[in-house]
Amino acid sequence: MRLTARFWVDAYLGRLRLHDIPAFVTAHGDDTGGAVLVKLNTLDGMARAFTRGFDLETGDRIWTELAQGPEPEIDALIRRQQGFDPDLWVIEVEDRAGRHLLDGEGL
């Protein structure tokens, strides 16, 4: 069964809430087929952006770091990605400790 983007986003936000990690949908993409980009804001002027792709050896879906750096640079990168993909979901996670939970089971 293929999970929709909306279902995945809702599940991810729920998981973050269970760990008291604030997160917000800053761009609502296509409910069924939109890609998801996660921005981790560490609240110190720095940020990281993650995207989901495939592990070429196993074929599994994995999260990879797209970029890291000053938050304005990551925001600019996200705007460029949105220019390429208007169906893109963007979730901003705010955590000083750098937790994003993307390495958890089922994500």
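Residues numbered from 1 in each chain as written. Predicted model: local features only at pLDDT ≥ 70, side-chain atom pairs only at ≥ 80, totals over all residues. Heavy atoms only, no water.

Colleague: Any chance you could explain the pattern of salt bridges here in plain terms?
Modeller: A side chain with one charge may pair with a side chain of the opposite charge, provided their charged atoms come close. Here the structure, examined in full by the defined rule, presents 6 salt bridges. Salt-bridge contacts for R6 lead to D10; the nearest nitrogen and oxygen are separated by 3.3 Å. On the criterion of helical spacing, the pair formed by R6 and D10 is a turn pair, its members being 4 residues apart in helix α1 (residues 5-18). R6 sits in the partly exposed class, given a relative accessible area of 34%. Here D10 falls in the partly exposed class, since its relative accessible area comes to 38%. One salt bridge connects D95 with R99, and the closest N-O pair in it is separated by 2.9 Å. By sharing partners, the salt bridges in this structure join K39, E71, D75 and E92 into a single network. (Salt bridge = Lys/Arg side-chain N within 4 Å of Asp/Glu carboxyl O. Helix = DSSP H or I, 4+ residues; strand = E, 2+ residues; numbered from the N terminus. Buried < 20%, exposed > 50% of the residue type's maximum accessible area, 1.4 Å probe, protein only.)

Colleague: Looking at this structure, I do not really get the nonpolar core. What am I missing?
Modeller: Considering soluble globular proteins, one finds that nonpolar side chains tend to be buried as a cluster. Within the largest apolar cluster, 17 residues are counted, with the highest numbers of intra-cluster contacts made by W8, Y12, V36, V38, I91 and V93. At the level of elements, α1, β2 (36-41) and β5 (89-94) are the ones that each hand at least two residues to this core. In terms of residue count, α1 provides more of this core than any other element does, 6 residues in total. (Core = buried A, V, L, I, M, F, W, Y, C linked by side-chain atoms within 4.5 Å.)

Colleague: Help me understand the sheet that holds strand β3 (residues 46-54), please; the structure alone is not making it clear to me.
Modeller: Paired through their backbone hydrogen bonds, the strands of a sheet run either parallel or antiparallel. Strand order across the open sheet formed by 5 strands is β1-β5-β2-β3-β4, with mixed pairing between neighbours. Only two strands of the sheet have a single partner each, and these edge strands are β1 (23-27) and β4 (61-70). Taking each pair of neighbouring strands and ignoring which way they run, the sheet shows an average axis angle of 25°. Two strands pair when backbone bridges link them, and β1 and β5 are joined in this way by 4 bridges, in the antiparallel orientation. By the bridge assignment for β5, V25 is matched with I91. Taken strand by strand, α1 contacts β1, β2, β3, β4 and β5, and its axis lies near 5° from that of β5. (Pairing = 2+ DSSP bridges. Axes fitted to C-alpha atoms, helices over the stretch in contact; angles between N-to-C directions. Contact = heavy atoms within 4.5 Å.)

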